[in-house]
Amino acid sequence: MDMGKSTVEEIRARFDADVDRFSNLATGQSATIDAPLSLDLIAAAAARTTPHARALLDVGCGAGNYSLKMLDALPGMDVTLVDLSRPMLDRAMERVGPATSGTVRAVQGDVREVAIAPGNFDIITAAAVLHHLREADEWSATFKKMHAALRPGGSLWISDIIEHSDPRIQALMWQRYGQYLAALKDEAYRDHVFEYVLREDTPRPLVFQLDLLREVGFAEVDVLHKNSVFAAFGARKGS
């Protein structure tokens, strides 16, 4: 864990108190640019590339928005929900359970530590969660873990905040993100979001993550959408 960054317990406490904001399918997470669009694109891409999916793993499930969208596109899947926050998991279970004829299971914990059986899932989603990974070895281990968890032909879909490799481009995109946040609410809200991103998050460049997906064994990698410091992308495991 980086010095000065929030601990897992501190991050958990913030999410415990923020369930309602993550329960709106129409807006997604409003602090995330194009959250509803990324949600729609990922659900459609997963359905197109993994049409016979029977089991979904939703990492960092929050209140269950991604699982609900996936079940709209691919009805009847078994769903495993993973999140740090028990209140988030409780809300997700309330919403996702009635939405599928399959089984729904909740696992509270950090994706770096929870046991995930290999070869059990057809689709994995990870929305606004991987930016909490710190060192490069944590990123590599987590990507390997998700690759192993997929069945042959399965797919992984990520929506997250990212950095840019060139600090000049990062500064430009961060400025644009600040303008978005100030227009969404006001400058105080912008400063609030910037403060908790600095305290909690360690995003990595999109190119770093795409290269790492290939490095851990994914056969195909695609970018669905990118706007400012947010991107939606995915990868398919070989058959």
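Look up: the structure comes first, before these words.
Described below are features of the structure shown in this document. (Residues numbered from 1 in each chain as written. Predicted model: local features only at pLDDT ≥ 70, side-chain atom pairs only at ≥ 80, totals over all residues. Heavy atoms only, no water.)

1. Notes on the environment of K144
Inclusion rule: In DSSP terms, a helix is any run of H or I states spanning at least four residues, a strand is any run of E spanning at least two, and both are numbered starting from the N terminus. Accessibility here uses a 1.4 Å probe with only protein chains present; expressed as a share of the type maximum, an area under 20% marks a residue as buried, one over 50% as exposed, and anything in between as partly exposed.
Structurally, K144 is set in helix α5 (residues 136-149). Residue classification places K144 among the partly exposed positions, given a relative accessible area of 49%. In this structure, the C-alpha to C-alpha distance between K144 and L213, residues 69 residues apart in sequence, is 8.3 Å.

2. Let's talk about the pattern of salt bridges
Basically, it comes down to this: By salt bridge we mean one thing: a side-chain nitrogen of Lys or Arg within 4 Å of a carboxyl oxygen of Asp or Glu.
Enumeration according to the criterion identifies ten salt bridges in this entry. Here R236 ties to E220 by a salt bridge, and the two come within 3.1 Å at their closest N and O atoms. In this pair, R236 sits in strand β7 (residues 230-236) while E220 sits in strand β6 (residues 220-227), placing the two residues 16 residues apart along the sequence. Each member of the salt-bridge network shares a partner with another, and the members are D110, R112 and E138.

3. Overview of helix α7 (residues 187-200)
Put simply, the test is: One less than the residue count of a helix, multiplied by 1.5 Å, gives the span that helix is expected to have. Each polar contact in these results corresponds to two N or O atoms within 3.5 Å; when the atoms are within protein, one needs to be able to donate a hydrogen and the other to accept it, and residues that are neighboring in sequence are counted only if both atoms are side-chain atoms.
Its 14 residues give α7 an end-to-end C-alpha distance of 20 Å, which sits within 8% of 20 Å, the value for a rise of 1.5 Å per residue. Among all positions in α7, only Y189, V193, F194, Y196, V197 and E200 are buried. Capping the start of α7 is the job of one residue whose side-chain oxygen sits 3.2 Å from the backbone nitrogen of A188: D186.

4. Considering helix α4 (residues 86-96)
We count it as follows: Along the arc lie the directions from the helix axis toward the C-beta atoms.
Listed in full, the buried residues belonging to α4 are M88, L89, A92, R95 and V96. An end-on view of α4 places all buried positions within 130° of arc, on one side of the element. By the N-cap criterion, in which a side-chain oxygen at the helix start approaches the backbone nitrogen of a residue two or three places on, α4 is capped by S85, the distance to M88 being 3.2 Å.

5. What to know about the packing of aromatic side chains
Keep this limit in mind: Between 30 and 60 degrees the pair is tilted, below 30 it is stacked and above 60 it is edge-to-face, where a pair is any two Phe, Tyr or Trp rings, Trp via its six-membered ring, whose centres lie within 6.5 Å. Charges are assigned to positions over rings by a cutoff of 6 Å between ring centre and Lys NZ or Arg CZ, combined with an angular limit of 35 degrees from the ring normal.
Summed over all chains, the structure comprises seven aromatic pairs. Centre to centre, the rings of W174 and F194 are 4.7 Å apart; their planes meet at 25°, and the pair counts as stacked. Residue W174 is found in helix α6 (residues 167-184), and its partner F194 is found in helix α7; the two are separated by 20 residues along the sequence. W174 sits in the partly exposed class, given a relative accessible area of 22%. Seen in terms of ring centroids, Y177 and F194 are 6.0 Å apart; in terms of plane orientation they differ by 45°. Their pairing is tilted. One end of the pair, Y177, is in helix α6; the other, F194, is in helix α7, and 17 residues separate them in sequence. As far as burial versus exposure is concerned, Y177 and F194 are alike and both buried. Three or more aromatic residues joined by ring pairs form one cluster here, namely W174, Y177, Y180, F194 and F230. Of note, K185 hangs over the ring of Y189, and the distance from its end group to the ring centre comes to 4.4 Å. The residue whose ring lies beneath R204 is F208, and the NZ or CZ to ring-centre distance is 4.9 Å.

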